[in-house]
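# Remarks on the overall topology
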Amino acid sequence: MRRLRGLWAKGPIKGVALLATFFLVVGACSSGDDDSGGITSSVAEERGFTQDQIDAALTTYMPSGEIDPYIMFASGGQGGQVIVIGVPSMRILKVIGVFTPEPWQGWGYGAKGTEEVLAQGQVNGRDVLWADTHHPALSETAGDYDGQYLFINDKANARIAVIDLRDFETKQIIKNPVAIVDHGGTKVTPNTEWVIEGGQYATPHGWEYAPISSYESDYKGMVTFWKFDREAGRIDESSSFAMELPPYWQDLCDAGKLVSEGWVFCGSFNTELATGGIEDGNPPFEAGASARDNDYLHVINLDKAAEVASAGNTFDVNGFPMISLQTSIDEGLLYFVPEPKSPHGSDVAPGGDYIVVSGKLDPHVTIYSFEKMMTAIDTENWTLDQFGVPVLDFDSVMEAQIEVGLGPLHTEFDDQGYAYTSLFLDSAVARWSLGPPYNDAWELIGTVPVHYNIGHLSTAEGDTVSPDGDFLVAMNKWSIDRFFHPGPLLPQNFQLVDISGPGDDMSVLYDMPIGMGEPHYGQIIKADKLSPWDFYPGVGFDPHTMSIDPNAPVAGNERIERNGDQVEIWSTAIRSHFTPEIIEIQAGDHVVWHITNIEQSVDSTHGFTIPGYNINLSLEPGETATIEFEADMDGVFPFYCTEFCSALHLEMMGYFLVKP
Ligand code: K7E
Ligand code: CUA
């Protein structure tokens, strides 16, 4: 049961003050040992609710008009998008188009800026208009979320996207030049100097052909460090670099912080170098790649690697600088630490002093001490792996192992010195206490069942230097019997868990079916750390350049100019009309059409579609966009506004006439 330890008393959040009072009153009645003293409600009585159910409902309830204190950014999985969710109400606020065209936002339906960003994600010139988005990462300042940017990776095609949280739009997509698949991304360093993209399935550099029989010599692992230019709001490819790694399958990475700032920790599996081929009598991948008792946590000296890269001690893959494995060994950039049985997850504790990994086939979490790692490195307490990389002595760097349950995966933290680890096989979340300086002892505190097969979990600000606790979201892969079955493909199930109480007091508050993609991971930020624009700052604002376009149409300069068969149009949109309204051109003309929403008030968005031409724009207040196309289809095309913006919205239209 919720102890009202802090959230609602934690201070003013826009729009929540009233609610806090409301909860304190209810809480006073419903907390404590006497469960009979709850609020009375004929609805609860009629539906037979227990006191815990009433408490759960009241904790997640946001009265109409109240704003959630937390915002979660969850990956949209195969949808290639990002889902924005209010916590604790679990209301979906937006699905941000990232790698995939998104019609409501006019993302990839004619607006040149959006198509240019999507085109950055091409692979060898081929459009790839979906993604397997896994890990969103909020930008950080001094190890805390700062609410400015969001990054997310596409595992399927090794791409990274940058989203600006002023307008919640994707500004950049980068195709990794050295790998075709990634996984260990994105995570950021404590001041967002670097965005980490770890590899996964080894391939030759630049995914060029080499036979599987030459796996050991020709296939390579990698991690890429993307330099983020906060001023520009873009990754600076020219200052970025990759590191060549053995063909182990690198997995999740996390950045060091505070005492371990400047270091990066990536898990791996398939140190067996299994190459599958069950059809030829070999062990299948799932057996071959989990035969050994240990794989290797990769411990990377990022600060030093950046120096080596900027000194030019690299080789080129598709024009991108890569530090060779031998250079990493010679320069002391890379160390391994044995990690037990099919590891997954690599999570740095809030103080940066401990690194937690889980073994999918080991019921323990293993906690390493960063300080002990540094001692092992200084004293060369290592053996060498088959590629000559130092493997630090396990016993000398391991701080603790805690048996938490079956199938442990990912870990996040709270402000009570607890860690939370997802248990895939047990379908549960384990709460365990960190040892000193966080708590007295390394020990399991309790578990809470979730439904079912949890992958990631996310606690409020739970991977920063100052986690909030309060709430945890379990990202469950299966829902089985939790919801109506909309056909054989079932929703996944986010479950909100109350972690504000002490000891093993944790409870599931709410089930949220996710009807899109497989949202692997999400991060939860305090809502008051975000300061998105209510509308674009100035009429004629181009979200692609994040500046006012001097060529944007504004009120009074609407016009049509013809130069041979080139037709350029400057249009404006305002409730409830477009100017100009009648546009007549010749079939075969090349059309460049600029449109500005000249409004500057909240929520006065206009859409713009030309039927048959696959064009749809969303013009938020102030925004300008340009479409460019061949008018190769003659006829009469009523263009109109696709947002119900006003009483005379249906009249907000015009005729685009293309003369044969
Ligand atoms: Cu983060 Cu799903 Cu990509 Cu674990 S992975 S679940
Ligand atoms: Cu503008 Cu409808």
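Residues numbered from 1 in each chain as written. Chains lettered and ligands numbered in written order. Predicted model: local features only at pLDDT ≥ 70, side-chain atom pairs only at ≥ 80, totals over all residues. Heavy atoms only, no water.

Before going further, it helps to examine the overall build of the chain. The helix and strand tally for the chain stands at 10 helices and 44 strands. In terms of overall dimensions, the chain is globule-like: its C-alpha atoms have a radius of gyration of 27 Å, near the 26 Å expected for 660 residues. Dimensions of the chain, computed from C-alpha atoms along their principal axes, come out at roughly 80 × 70 × 45 Å. For the chain, with 660 residues in total, the buried portion stands at 60%. Pairs at least 24 apart in sequence give 62% of the contacts found in the chain among residues at least 6 apart. (Helix = DSSP H or I, 4+ residues; strand = E, 2+ residues; numbered from the N terminus. Rg over C-alpha atoms; globule rule 2.2 N^0.38 Å. Buried < 20%, exposed > 50% of the residue type's maximum accessible area, 1.4 Å probe, protein only. Contact = heavy atoms within 4.5 Å.)

One can find H606 in strand β40 (residues 606-610). Residue classification places H606 among the buried residues on the basis of a relative accessible area of 0%. Engagement of the side chain of H606 in a polar contact is seen with the side chain of E599, the distance being 2.8 Å. Each residue touching H606, except ones within four places of it in the same chain, is listed here: A573, I574, R575, N597, E599, L617, S618, L619, C641, E643, C645 and M652. (Polar contact = N/O pair within 3.5 Å; in protein donor to acceptor, adjacent residues only side chain to side chain.)

Let us look at the layout of surface pockets. One number sums up the size of the largest pocket: a volume of about 1,200 Å³. Lining the largest pocket are 32 residues, with K94, F168, P532, W533 and D534 sitting closest to its centre. Looking at the lining of the largest pocket, the element that brings in the most residues is strand β3 (residues 91-97), giving 3 residues. Tallied by class, residues from the lining of the largest pocket come to 15 nonpolar, 4 polar and 13 charged. (1 Å grid on protein atoms, 1.4 Å probe; cavity = no way out; pocket = protein on both sides within 12 Å on 5 of 7 lines; lining within 4 Å. Points joined across faces, edges and corners; volume = space filled by probe spheres on them. Nonpolar A, V, L, I, M, F, W, Y, C, P; charged D, E, K, R; others polar.)

A few words on the site of ligand 1. As a structural note, the neighbourhood of ligand 1 is formed by H134, H135, H183, L252, H344, H410, G455, H456, K477 and H520. In terms of residue class, the shell around ligand 1 is made up of 1 nonpolar, 8 polar and 1 charged. (Near = heavy atom within 4 Å.)

For the rest of this paragraph, the subject is the pattern of salt bridges. Under the criterion given, the structure shown has 20 salt bridges. A salt bridge links K529 to E461; the nearest nitrogen and oxygen atoms lie 2.7 Å apart. Of this pair, K529 sits in the loop between β32 (522-526) and β33 (541-542) while E461 sits in the loop between β28 (454-460) and β29 (469-476); the two residues are 68 residues apart in sequence, bridging distant segments of the chain. Assessed through its relative accessible area of 23%, K529 is described here as partly exposed. Among the ionic pairs, E518 bridges to K477, the shortest N-O distance being 2.7 Å. Remark: K477 occurs in the loop between β29 and β30 (492-498) and E518 occurs in the loop between β31 (507-514) and β32; sequence separation between them is 41 residues. Just as E518 is buried, K477 falls in that class too. A single network of salt bridges, built from pairs that share partners, joins D144, E461 and K529. (Salt bridge = Lys/Arg side-chain N within 4 Å of Asp/Glu carboxyl O.)

A sheet is described by the order of its strands in space; here 4 strands give the open sequence β24-β25-β26-β27, paired in antiparallel fashion. Pairing within the sheet leaves two strands with one partner each, and these edge strands are β24 (408-413) and β27 (443-449). Pairs of neighbouring strands in the sheet enclose a mean axial angle of 25°, with direction left out of account. Bridge count for strand β26 (residues 428-433) against β27 is 6 bridges, and the pairing is antiparallel. Residue pairing in the sheet places W432 in a bridge with L444 of β27. (Pairing = 2+ DSSP bridges. Axes fitted to C-alpha atoms, helices over the stretch in contact; angles between N-to-C directions.)

V223, F225, F241, M243, V264, I300 and I323 are the most contacted members of the largest nonpolar core, which has 36 residues in total. With 5 residues, helix α7 (residues 302-310) is the largest single contributor of residues to this core. The contact partners of F241, leaving out residues within four places of it in the chain, are W194, V223, T224, F225, L302, A305, A306, A309, F320, P321 and I323. Counting 27 residues, the second largest nonpolar core, distinct from the first, contains A111, A573, W593 and A625. (Core = buried A, V, L, I, M, F, W, Y, C linked by side-chain atoms within 4.5 Å.)

Read from one edge of the open sheet, 6 strands run β8-β9-β10-β11-β16-β15, paired in mixed fashion. Each edge of the open sheet carries a strand with a single partner, namely β8 (182-188) and β15 (315-317). Neighbour-to-neighbour, the strand axes of the sheet open up by a mean angle of 30°, direction not taken into account. Most of the contacts of α7 go to strand β11 (residues 234-245), to which it runs at about 105°, and overall it touches β9 (194-199), β10 (221-229), β11 and β16 (320-323).

All right, on to the environment of Y420 then. Examined against the element boundaries, Y420 turns out to sit in strand β25 (residues 418-423). A C-alpha to C-alpha distance of 9.7 Å links Y420 and V404, two positions 16 residues apart in sequence. Looking at Y420, its side chain comes within polar contact range of the side chain of R431, at 2.8 Å.

Working note: non-glycine residues mostly have negative phi, and peptide bonds are mostly trans. The omega angle of the peptide bond from V87 to P88 is 15°, so this bond is cis rather than trans. Mapped onto the elements, P88 comes out in the loop between β2 (81-87) and β3. In this model, T579 is joined to P580 through a cis peptide bond whose omega is -5°. Inspection of the secondary structure puts P580 in the loop between β37 (577-579) and β38 (582-586).

Now for a nonpolar patch on the surface. Taken together, I582, V636 and Y655 make up a surface patch of nonpolar side chains, about 290 Å² in accessible area. Of note, V636 is situated in strand β43 (residues 635-640). The class of V636 is exposed, set by a relative accessible area of 53%. (Patch = residues over 30% accessible without salt bridge, like charges linked within 9 Å, V, L, I, M, F, W, Y side chains within 5 Å. Areas by Shrake-Rupley, 256 points an atom, 1.4 Å probe, with all protein chains shown as cover.)

All right, on to the packing of aromatic side chains then. Counted by the stated rule, this structure contains 35 aromatic pairs. Taken together, a centroid distance of 5.9 Å and an interplanar angle of 75° make the contact between Y248 and F387 edge-to-face. Taken together, the residues Y248 in the loop between β11 and β12 (249-255) and F387 in the loop between β21 (382-384) and β22 (390-392) connect sequence positions 139 residues apart. Taking relative accessible area as the criterion, Y248 reaches 1% and is therefore assigned buried. Judged by relative accessible area, F387 falls into the partly exposed class, the value being 21%. Residues Y613 and F629 carry aromatic rings whose centres are separated by 5.0 Å and whose planes lie at 50° to one another, so their mutual orientation is tilted. (Phe/Tyr/Trp six-rings, centres within 6.5 Å; stacked < 30°, edge-to-face > 60°.)

On to the confidence of the model for the chain. Summing up the model confidence of the chain, the mean pLDDT is 94 and the portion of residues at 70 or higher is 94%. The low-confidence segment residues 10-36, where pLDDT is below 50, has 42 contacts with residues more than four positions distant or belonging to other chains. (pLDDT = per-residue confidence, 0-100.)

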